[in-house]
Amino acid sequence: MILCAGEALIDMLPRQSTQGEDAYAPYAGGAVFNTAIALGRLGAQTGFFSGFSNDFFGELLKSKLAESEVDASLSVTADRPCTVAFVKLVNGHATYAFYDENTAGRMLSQDDLPALPDTVNALFCGGISLPVEPCGAAYEALFAQAAPTCVTMIDPNIRPGFISDEPRFRARIEHLLSLADIVKVSDEDLIWLMGDGDIEAHIQTLLTQGPKLVCLTEGSEGVRGFTSTGKVVQVKANKVEVVDTVGAGDTFNAGLLASLDAAGKLTKDAVADLDEDSIRAALSLGSQAAAITVSRAGANPPWKSEL
């Protein structure tokens, strides 16, 4: 089972009522939540770990996971509110007002961590749950717990606006990168992590720190995979009419993991010595799935039957 650990929240998206009044509609979201949904729809055995509220928003999140065949039984439910993000669109650009203090997701602690069952062979972490406390420390501890036996993947998905303690967050990300077998980054992530400079040189530096496969997403240019054994594989982006890019990177992560899992390559030894065909297939499925997501509104990943 691929276990996704991280935030699940409610996006309140601007809409208009039937009377023409400004209104907000609740949608299930969160980067790691989206990856879990996409994995489940792609047919991978998937689990999700987070902190859920016992309110109706928490029930909505759980129901969406169940609809996509994701097992959330390892998660924790608490008598706290759900994280909510109100979205404002100005000329197509989104800004957010987050309500996260003392929420069920934010207050997840190391005491809430489950003992990982033997069925878990991979762990994925990332998103906005890593910069904040105490949940950030909890996910870091879970990652360290899983790393000796499970394939670990991280998408740093750097959002500077969420980082209140930069030195602590940098130390956490460096620790997680050293434990990760697979890393997905954008050039913006690398520049924030390593400063200005040559992107490929940054990737080679990153590979010396522990990861076996680093995937660099480059928008309309596609994605490149770099391995610790010196392989470089490029896959061009699928050409589609873009509605919005919400959930694109999250879906790519799912496609990559689902492909490796289906090929029997989601083990520590296999990921350490991936052949070019396996890398290309994984990058291709990630790109194909992400292309479908961006072709429709919101984070709505494809089912396996749509590919």
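So, here is what we can say about the structure in this document. (Residues numbered from 1 in each chain as written. Predicted model: local features only at pLDDT ≥ 70, side-chain atom pairs only at ≥ 80, totals over all residues. Heavy atoms only, no water.)

**Observations regarding unusual backbone geometry**
For the peptide bond that leads from Glu 133 to Pro 134, omega is 0°, which places it in the cis range. Residue Glu 69 is not a glycine yet carries a positive backbone phi of 65°. Take Glu 69: it is sitting in the loop between helix H2 (56-67) and strand S6 (70-71). Among the residues examined, Glu 69 registers a relative accessible area of 58% and is labelled exposed. (Helix = DSSP H or I, 4+ residues; strand = E, 2+ residues; numbered from the N terminus. Buried < 20%, exposed > 50% of the residue type's maximum accessible area, 1.4 Å probe, protein only.)

**As for the nonpolar core**
Generally speaking, soluble globular proteins have nonpolar side chains that are buried together. Counting 45 residues, the largest nonpolar core has Leu 39, Phe 48, Leu 65, Ile 182, Leu 256, Leu 257 and Leu 283 as its most contacted members. Setting aside residues no more than four positions away along its own chain, Leu 256 makes contact with Met 153, Ile 182, Cys 215, Ala 282, Leu 283 and Gly 286. Counting residues in each nonpolar core, the second largest holds 38 residues, with Met 1, Leu 113, Ile 154 and Leu 207 among its members. (Core = buried A, V, L, I, M, F, W, Y, C linked by side-chain atoms within 4.5 Å. Contact = heavy atoms within 4.5 Å.)

**With respect to the pattern of salt bridges**
Per the stated rule, a full pass over the model turns up 15 salt bridges. We note a salt bridge from Arg 224 to Glu 200, for which the minimum N-O separation is 2.7 Å. Here Arg 224 is found in strand S14 (residues 223-227), whereas its partner Glu 200 is found in helix H6 (residues 199-207), with 24 residues between them in sequence. By relative accessible area, which is 16% here, Arg 224 ends up buried. By relative accessible area, which is 39% here, Glu 200 ends up partly exposed. When salt bridges with common partners are traced through the structure, they connect Glu 133, Glu 140, Asp 165, Arg 168 and Arg 172 into a single cluster. (Salt bridge = Lys/Arg side-chain N within 4 Å of Asp/Glu carboxyl O.)

**Description of the pairing of strand S3 (residues 22-29)**
In this structure, strand S2 (residues 9-16) lies alongside S3, joined through eight bridges in antiparallel fashion. Residue pairing across strands places Asp 11 opposite Tyr 27, the latter belonging to S3. (Pairing = 2+ DSSP bridges.)

**Here we look at the packing of helix H7 (residues 248-262) against helix H9 (residues 276-294)**
Direction vectors running N to C along H7 and H9 enclose 145°, while the axes themselves pass 7 Å from each other. Of the two elements, H7 crosses H9, and the hand of that crossing is right-handed. Note on element contacts: H9 touches H7 through Ser 278, Ala 281, Ala 282, Leu 283, Leu 285, Gly 286, Ser 287, Ala 289, Ala 290, Thr 293 and Val 294, opposite Ala 248, Thr 251, Phe 252, Gly 255, Leu 256, Ala 258, Ser 259 and Leu 260. (Axes fitted to C-alpha atoms, helices over the stretch in contact; angles between N-to-C directions. Left-handed = near helix turned anticlockwise from the far one by under 90°.)

**Concerning the side chain of Arg 41**
Summarising the element assignment, Arg 41 is placed in helix H1 (residues 31-41). Of the buried charged residues, Arg 41 lacks a salt bridge, with Glu 306 as the closest side chain of opposite charge at 5.9 Å. Beyond its immediate sequence surroundings of up to four residues, Arg 41 is in contact with Ser 68, Asn 300, Pro 301, Pro 302, Trp 303 and Lys 304. (Lys, Arg positive; Asp, Glu negative; His and termini not counted.)

**Examining the side chain of His 202**
Relative to the helices and strands, His 202 is located in helix H6. Filtering out sequence-adjacent residues up to four positions away, His 202 remains in contact with Leu 190, Met 194, Gly 195, Asp 196 and Gly 197.

**Comments concerning the packing of aromatic side chains**
One pass over the full model with this rule turns up eight aromatic pairs. When the centroid spacing of 6.0 Å and the interplanar angle of 50° are considered together, the rings of Phe 48 and Phe 52 count as tilted. An identical accessibility class is assigned to Phe 48 and Phe 52; each is buried. Here the aromatic rings of Phe 98 and Phe 162 are separated by 4.8 Å at their centres, their planes lie at 85°, and the arrangement is edge-to-face. Of the two residues, Phe 98 is situated in strand S9 (residues 93-99) and Phe 162 in the loop between strand S11 (151-155) and helix H4 (166-179); the sequence distance between them amounts to 64 residues. Taken together, the aromatic side chains of Tyr 24, Phe 86 and Tyr 99 make up a single cluster linked through ring pairs. Its end group placed over the ring of Trp 192, Arg 170 keeps NZ or CZ at 3.8 Å from the ring centre. (Phe/Tyr/Trp six-rings, centres within 6.5 Å; stacked < 30°, edge-to-face > 60°. Lys NZ or Arg CZ within 6 Å of the ring centre and 35° of its normal.)

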